[in-house]
Amino acid sequence: MARAAAGGRTHRKCLWPALGVSMLDVKLLRDDLDQVKKRMATRGTEIDWDEFVALDRDRREALANLEKLKEKKNRLSGEIGKLKKRGGDAAALMREAEEVSESIREGERPVTEIEAGFEKFMLRLPNLPNSGVSIGRNADDNKEVRRWGEPPQFNFQAKNHWDIGEELEILDFARAAKLAGARFALYKGAGARLERALINFMLDLHTGERGYKEILPPALVNRAALTGTGQLPKFEEDLFRIETPEYFLIPTAEVPLTNVHREEMFEREDLPIKYVAYTPCFRREAGSYGQDVRGLIRQHQFNKVELVKLSEPETSYDELEKMVQDAEEVLRRLKLPYRVIELCTGDMGFSAAKTYDLEVWLPGQATYREISSCSNCEDFQARRAQIRYRREKKGKPIFVHTLNGSGLAVGRTFVAVLENYQQKDGSVLIPEVLRPYMGGLEKIG
RNA sequence: GGAGAGAUGGCCGAGUGGUCUAAGGCGCACGCCUGCUAAGCGUGUGUACCUCAAAAGGGUACCGAGGGUUCAAAUCCCUCUCUCUCCGCCA
């Protein structure tokens, strides 16, 4: 097993030891900048590459200078020590050493500044898309991979889940607004139980035959954790933050789960690691005013069952396919129609190298809506979080690949159940696989 | 919140100002030896960055984190974080 950070010891190093400020491999940028530019451009993000070249050059120059001075200082100090031991007079050497030390102090200031600038630049670079991902500008260029199930045909006008929920008195948005504000929900009675049933059903499926280990992590995390997975420093405005002491509410369990093994070293036989967690998730939804203002689709707080894997680089894409299957299986057992979308380069998230979205059919909107997003981040997060393993006992440490996927977003699954299982009389049938979790209840209303 | 103790390499653990690249042990790797096994002997054993076309080699940094004193810090001083013990409070 990996050396656990628990058990008396905390992080041994600062987040980025020495100058390993890596999210993308600095050497790759240096050696193959043209390729990197091209691939990064497919994301549609503007990046000032001249700034990178300048920062990198300045940094190396300043560093080389400083290190030369330090070498001299170390040499002089050694000589002083030996001389004193023999009882000699080291006054002259000490004067010289003092001057060198003074130069070092002066040289350190610019180096610190340059490195801070370099680090800031690097931490804001998104991941490189995997070369197999199709190039596109936005969601319109995404590819549908497959579909499962048939959208139900109703002989009545399909209702939105918020109407269904409020009429059945299992959802109450008005009172939730009284408690907190817009984008919060109150689940009541069978509604609360249905949400809980979904959580338990998903956890049982993933921990059972699918072999994930259940984790119940903190819902508040620190800055280092969010930097490790890539939410920080760039997306702070999307997060709820608590001051004194500073904590952030997790926007997804991907953050705590991926960071469980931050700054740890694995052996090959430890991998892959498969975790599943149910947590509430919290998002500011800044900049999404006017979108999905009604209903459960876009909330400040929502429940999610999340899957995370740490794997060897060679198998990470197989693991991604399996993870998508694991998420799909939830929808299949619930008999909810869905399709699988492969995101194009322009539509992927900051940390992802490749992403599949699962979209569930919502009769109320007569459209497919995202219910899961499964990504391979390759070594992007592992670099930031320093999660490595040794392929051989004496081998060099290698960054693991990290994957995450919703399995599933519970609130949206709730929506899908209400809308797909609605009946003409306004009641909602309970999917068969959920009935054991609902005390045998077959229908709400 | 109060009082105290602690944080050292893959692991255990020594080390209170200069034998600089951290004793010793365990583990691991390679080699030797013993008819097999067990044991034994020898050698080696971190990470990151810079330099070099590459390798070799050289350099710098890292003993929880940050800052300070000093020619010189694992070692002295300050701040912080985390862990453990006791007290208080608390779901």
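Since the structure is predicted, the reported quantities are computational estimates derived from the model, not experimental observations.

Caption draft 1: Highlighting the overall build of chain A. Along its length, chain A carries 12 helices and 18 strands. Judged by the C-alpha coordinates and their principal axes, chain A covers about 100 × 45 × 45 Å. By the burial criterion, 49% of the 445 residues in chain A qualify as buried. A separation threshold of at least 6 residues defines the contact pool for chain A, and within that pool the share at least 24 residues apart is 74%. Here chain A displays about 21700 Å² of accessible surface, and carbon together with sulfur accounts for 48% of that area. Measuring between centres, the 71 positive side-chain charges of chain A sit 3 Å from its 71 negative side-chain charges.

Caption draft 2: Geometry of the environment of threonine 402. Its location among the elements puts threonine 402 in strand S16 (residues 401–409). For the pair threonine 402 and isoleucine 387, spaced 15 residues apart in the sequence, the C-alpha separation amounts to 9.1 Å. Not counting the four nearest positions on each side in its chain, threonine 402 is found in contact with Thr258, Lys309, Leu310, Ser375, Asn376, Cys377, Glu378, Gln381 and Ala382.

Caption draft 3: Seen up close, the pattern of salt bridges. Enumeration over the complete set of coordinates arrives at 35 salt bridges. The shortest N-O distance in the salt bridge between glutamate 328 and arginine 332 comes to 3.3 Å. Of the two residues, glutamate 328 and arginine 332 are both situated in helix H10 (residues 316–333); the distance of four residues between them amounts to about one turn of the helix. For glutamate 328, a relative accessible area of 1% corresponds to the buried category. In this structure, aspartate 379 engages arginine 383 in a salt bridge whose closest nitrogen and oxygen atoms are separated by 3.2 Å. Classification of arginine 383 by relative accessible area gives buried; the value is 11%. Linked by salt bridges that have partners in common, Arg146, Glu209, Arg210, Asp326, Glu328, Glu329, Arg332 and Arg333 make up one network.

Caption draft 4: Layout of the packing of aromatic side chains. Under the criterion given, the structure shown has 10 aromatic pairs. Members of the aromatic cluster, connected to one another through ring pairs, are Trp49, Phe52, Phe118 and Phe121. Over the face of the ring belonging to phenylalanine 118 we find arginine 59, whose NZ or CZ atom lies 4.7 Å from the ring centre. Lying over the aromatic face of tyrosine 212, lysine 274 brings its terminal NZ or CZ to 4.7 Å of the ring centre.

Caption draft 5: Fine view of a nonpolar patch on the surface. A cluster of nonpolar residues, Leu220, Ile242 and Tyr247, forms a patch on the protein surface that exposes about 230 Å² of accessible area. Considering the arrangement of structural elements, one finds tyrosine 247 in strand S7 (residues 247–249). What makes tyrosine 247 partly exposed here is its relative accessible area of 35%.

Caption draft 6: Quick look at the confidence of the model for chain A. Residues at a pLDDT of 70 or more form 95% of chain A, whose mean pLDDT is 89. In the model, residues 1–21 has pLDDT below 50 throughout and makes 39 contacts with residues more than four positions away in sequence or in other chains. Predicted complex, confidence summary: ipTM 0.83, pTM 0.91.

Parameters and conventions
- Residues numbered from 1 in each chain as written.
- Chains lettered and ligands numbered in written order.
- Predicted model: local features only at pLDDT ≥ 70, side-chain atom pairs only at ≥ 80, totals over all residues.
- Heavy atoms only, no water.
- Helix = DSSP H or I, 4+ residues; strand = E, 2+ residues; numbered from the N terminus.
- Buried < 20%, exposed > 50% of the residue type's maximum accessible area, 1.4 Å probe, protein only.
- Contact = heavy atoms within 4.5 Å.
- Areas by Shrake-Rupley, 256 points an atom, 1.4 Å probe, with all protein chains shown as cover.
- Lys, Arg positive; Asp, Glu negative; His and termini not counted.
- Charge placed at Lys NZ, Arg CZ, Asp CG, Glu CD.
- Salt bridge = Lys/Arg side-chain N within 4 Å of Asp/Glu carboxyl O.
- Phe/Tyr/Trp six-rings, centres within 6.5 Å; stacked < 30°, edge-to-face > 60°.
- Lys NZ or Arg CZ within 6 Å of the ring centre and 35° of its normal.
- Patch = residues over 30% accessible without salt bridge, like charges linked within 9 Å, V, L, I, M, F, W, Y side chains within 5 Å.
- pLDDT = per-residue confidence, 0-100.

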